[in-house]
Each structure stands twice: as C-alpha cells, then as structure tokens.
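Take a look at the letters that make up each chain.
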Amino acid sequence: MITMKVLVVGSGGREHAIAQALAKSRGVVVYAAMSRLNPGIASLSADHLIIRETAVQEIATFCSTHNIDYAFIGPEAPLEAGIVDLLESQGVKCVGPVKAAARIETDKAFCRDLMKRHSIPGLPEYYIFRDTEKAIAFLKTTDKEYAIKPIGLTGGKGVRIMGEHVDLDGACTYVREINGEVVIEERFIGEEFTLQAFVDGTHLIPMPLVQDHKRAFEGDTGPNTGGMGSYTLADHRMPFVTEEEYDQALSIMNLVVKALASEGTPYCGILYGQFMNTAKGPMVIEFNARFGDPEAMNVLSLLSSDMGDIVKGITSGCLDTTIITFDNKATVCKYIVPEGYPDAPQSGKYIRKGESGTALLYYASVIADDDRLITQSSRTMAYVGIGDTLKQAEQIAETASAAVEGPVRHRRDVGTEEVLNKRIKHMQELR
Ligand code: AMP
Ligand code: GLY
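Residues numbered from 1 in each chain as written. Chains lettered and ligands numbered in written order. Predicted model: local features only at pLDDT ≥ 70, side-chain atom pairs only at ≥ 80, totals over all residues. Heavy atoms only, no water.

Engineer: Mind showing me how you'd approach the site of ligand 2 here?
Structural biologist: For ligand 2, the full set of nearby residues is D212, K214, G226, Y272, N288, R290, G292, D293, P294 and E295. Separating an oxygen atom of ligand 2 from a side-chain N or O atom of N288 is a distance of 3.3 Å. Contact distances for ligand 2 include 2.9 Å between a nitrogen atom and a side-chain N or O atom of E295. Notes on ligand 2: free accessible area 200 Å², of which the protein chains cover 92%. For the shell around ligand 2, the residue count by class is two nonpolar, three polar and five charged. (Near = heavy atom within 4 Å. Polar contact = N/O pair within 3.5 Å; in protein donor to acceptor, adjacent residues only side chain to side chain. Areas by Shrake-Rupley, 256 points an atom, 1.4 Å probe, with all protein chains shown as cover. Nonpolar A, V, L, I, M, F, W, Y, C, P; charged D, E, K, R; others polar.)

As structure tokens, this is what we get:
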C-alpha cells in the first residue's frame, strides 16, 4: 500500500480529533507540529515537533526532513502567518487556505466587504472604522444595539454585544480599548448554528450541523470562551433550522467559495460558517478558515469514510467524487476546563480521569504525568458521547465528565434536551 505522510499542525482537542481521523485512515502516517505536547496527538504520531505554530519556517524544515506529503492546518494563526503558501511552495499539499483566502477569517472587514461586493445574502448592516473617535461618535448618534468587533483574530473572545455584554458607555470604552480598526455591525437576535464544510477550491461538501456553547457557565451566562461544548443530532440538522434555512446557509457558503475563486484566491480546506438563525433567516456571524474547536470533535467522531481520501480530494480539486459519509448518530462534546477558566484558570493542578464508559476522550491543553494529568491555563480535554439520541449521547459525555476528579469543571447543560427545547421555543417566538 502506498503510504501518505500527513502533518497535523496544532495542539488542541480539534487537532487530536483530526489526528485520530487520519490515524484510522488507510495508509496514513501521522506527524505533528504543536506548541505544547498534546498526549493524544503524540501517541498517534510517528514523530512530532514542539514549536510555536506560527513558526512556519521551522515547520517547513520538519516537513522536508520527514518527506511529508500533506499538512492539515488546525488553528488560524499559522494560516495568517502564511504556512500554506510556504509549504505548498515546497510541494507539501495543504488542507487549509493560503494566506489571502484565510482573510475570510483573519480580517473581518475583508469578509464583510467580500460579501457585499458579491451581494451574498446573510450580511448584516455594518460599518468599518479606522478612527476610534469616529466610531464612538457613530455609536452615540444611534439608539440601536450593535456588535463591536476588532478586525483581527481574537480567539473568539473579542466580540462585545451591546445589550448583552455592554451598554453604550461600555461599548465606547471597548472601542477605545481596541484602539484600532473596528467593525460595528447589526446585532442579530436568534439561535446560532455552525455549518462546516470540506472545500477543494470549487466543490463544497457540508458536514453535520453543530451547535456550540460559547459562554463559560450554565444557562449561557458568564464570559465568552473558545467553546465549552457542542452537539449534533442524528439527522445532521437542528430542529430550529428549517430545511429552507439550511439550504440558504449552504448556498451562502457556496457563494463565498465562488467569490473567493473569482477574485483569484481559491479556497481549499475547511470552511466554517457561524450563522445566527433569525426571523429573517440565517445571517452570517463569521467565517472561520478551519475546523471549529470543539465542533471538529463532534463531526470527526461521526466520520465513517476515509479521512486520507478526503485530504486527497481537497488538495486535488476532486471532492465531488470523494466518498464522504457520517454516521446518523447524535454526539455531545463537553470540555473539561480548569476552575476559574477563562478569567483566572487554575493551572498546574493534578486531576484524575474517572470511569468514562464509551465516551471518546480528546486531549487539549494538559500535561500527562503517568496516569495523572496536570491542567494548563486553557481548556483541558473533552469527552464526546455518541448515541442514537441526543439524550443517550449527552448522558455518556456527562457521566465521563462528572467522573473527572480535581479542580476542573464542565457545563452540565451542554447537549441537554432542556437546552435544545429552549432553542426551539426561542425560534418559535421569533418567527
Ligand atoms: P465571533 O468571534 O465573531 O464568532 O463572535 C463571538 C460570538 O459573539 C458569536 O458566537 C455570537 O454569539 C456573538 N456575535 C458575534 N457577532 C454577532 C452579531 N452580529 N449579533 C449577535 N451576536 C453576535
Ligand atoms: N468554537 C468556535 C471556534 O472554534 O471558533
């Protein structure tokens, strides 16, 4: 059998799930470049390099040394640093867009302007300010509530919503704090969902819909985080998204791929669409140029076709003839995080796994010391439950999460029927 050497870049739960899917594929040998040692990824890799993920030159040298054929880029920072441009120039085929196409995530003004140039639906009313005082003057002349976003990457934590996180004074203070380019956009009211897709420059193959839980605490309270957990349903849809709304979201994603290709920067990799389903249909919150974390763990745990074939399909423009299938099961992913996360995480603390049943475990920011684990300042690890129903999947993930001993916590409400029913009811009220 011909083997393919695939380098996974990144060190989180998302990259552990990517490495796991690759490791199960025919003929794939996994290598890794990660900023800190992820025990899960390391155990799946033939060799690994511990390196800052934006140190693209060093990663390129590692690829040459090991004759790497393909690279799968997990996080956004290396995309922004031009890792794909560099690796492709030395013959490594990449799952991930070149720097210019990754701007769909790394430059929020570019994203909004691209949608506008190509009349892509789902675009909010938005304003881009390069001058802090002008942005503040604008906010003071209107009584509408807006979302305030710095233009660049913030790890999903840089958005302040008026009426939710801040009042007018708080919004103005935040604009001053950003002290740079800012996007001020219409605040959407609705329910969020994520649509991720494999893209080969031309063709786009969607994955099951996911719903993330951004807030730190139960009942969607507390500060925004990178994501505390997420779920998918057995039919790969969400009950608060109609088939027509799903088609609209998919069409928006296809139009973005077309727009990028028409501007000379074809998009290859994973395209992540974050939508707010509103009374007017799905609106675009943002696009990411990569898998979501935790959302990757949901969908990749269900992938029943060969990830190596998908990597080949994405990098050779033939996803239309690649077999891509997902099991018709529900998944619930719960992140275990240090007490105090995200504001004052208790890092360096010993924790111990308990009885985890059939739950899958993906490591994130954690050090393994024999059978003990030590927390770091970011999300520690995640359990994924898979079941015929959401309830079954949730119970599997919850039981495993609750059994972890030590100064960590998780959101008990992720993937519960109560939360899902709340979303359905909210959408019914809005329609
Ligand atoms: P982002 O970093 O753009 O993903 O935003 C983080 C979170 O802020 C999103 O998941 C939403 O919950 C919220 N958000 C962002 N933009 C908007 C908007 N225009 N209206 C309402 N909520 C938003
Ligand atoms: N879970 C949201 C993200 O990865 O951006």
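Engineer: Sorry if this is basic, but what is going on with helix α14 (residues 417-430) here?
Structural biologist: Structurally, the α-helix is built with 3.6 residues per turn, so residues lying three or four positions apart point the same way. Helix length check: α14 (14 residues) gives 20 Å between terminal C-alpha atoms against 20 Å at 1.5 Å per residue, within 8%. Of the residues making up α14, those classed as buried are V419, L420, R423 and M427. Each buried residue of α14 lies within a common arc of 100° when the element is viewed along its axis, so the set occupies one face. Residues E418, K425, Q428 and E429 are exposed on α14 and point more than 90 degrees away from its buried face. Turning to α14, the residues buried within the fold contact β10 (191-200), β12 (211-212), β15 (229-232), β16 (268-278) and α13 (390-402). (Helix = DSSP H or I, 4+ residues; strand = E, 2+ residues; numbered from the N terminus. Expected span 1.5 Å × (residues − 1). Buried < 20%, exposed > 50% of the residue type's maximum accessible area, 1.4 Å probe, protein only. Arc of directions from axis to C-beta. Contact = heavy atoms within 4.5 Å.)

Engineer: Would you explain the nonpolar core in this entry?
Structural biologist: The nonpolar side chains of a soluble globular protein tend to be buried, and buried together. Core analysis: the biggest nonpolar cluster contains 62 residues, and L7, I104, L271 and F287 have the highest contact counts within it. A total of nine residues in this core trace back to one element, the largest contributor, which is helix α10 (residues 243-262). Ranked by size, the runner-up nonpolar core spans 44 residues in total, among them V210, L302, V311 and I324. (Core = buried A, V, L, I, M, F, W, Y, C linked by side-chain atoms within 4.5 Å.)

Engineer: Hey, could you run me through unusual backbone geometry in this one?
Structural biologist: For residues that are not glycine, phi is negative in most cases, and the peptide bond is trans in most cases. The omega angle of the peptide bond from Y341 to P342 is 5°, so this bond is cis rather than trans. Mapped onto the elements of the fold, P342 is located in the loop between β18 (330-338) and β19 (350-351). Of note, N67 is a non-glycine position whose phi angle comes to about 50°, a positive value. Along the chain, the position of N67 falls in the loop between α3 (56-65) and β4 (70-73). Residue class for N67 comes out exposed when judged on its relative accessible area of 55%. Phi is positive for H236, which is not a glycine, with a value near 65°. Relative to the assigned elements, H236 resides in the loop between β15 and α10.

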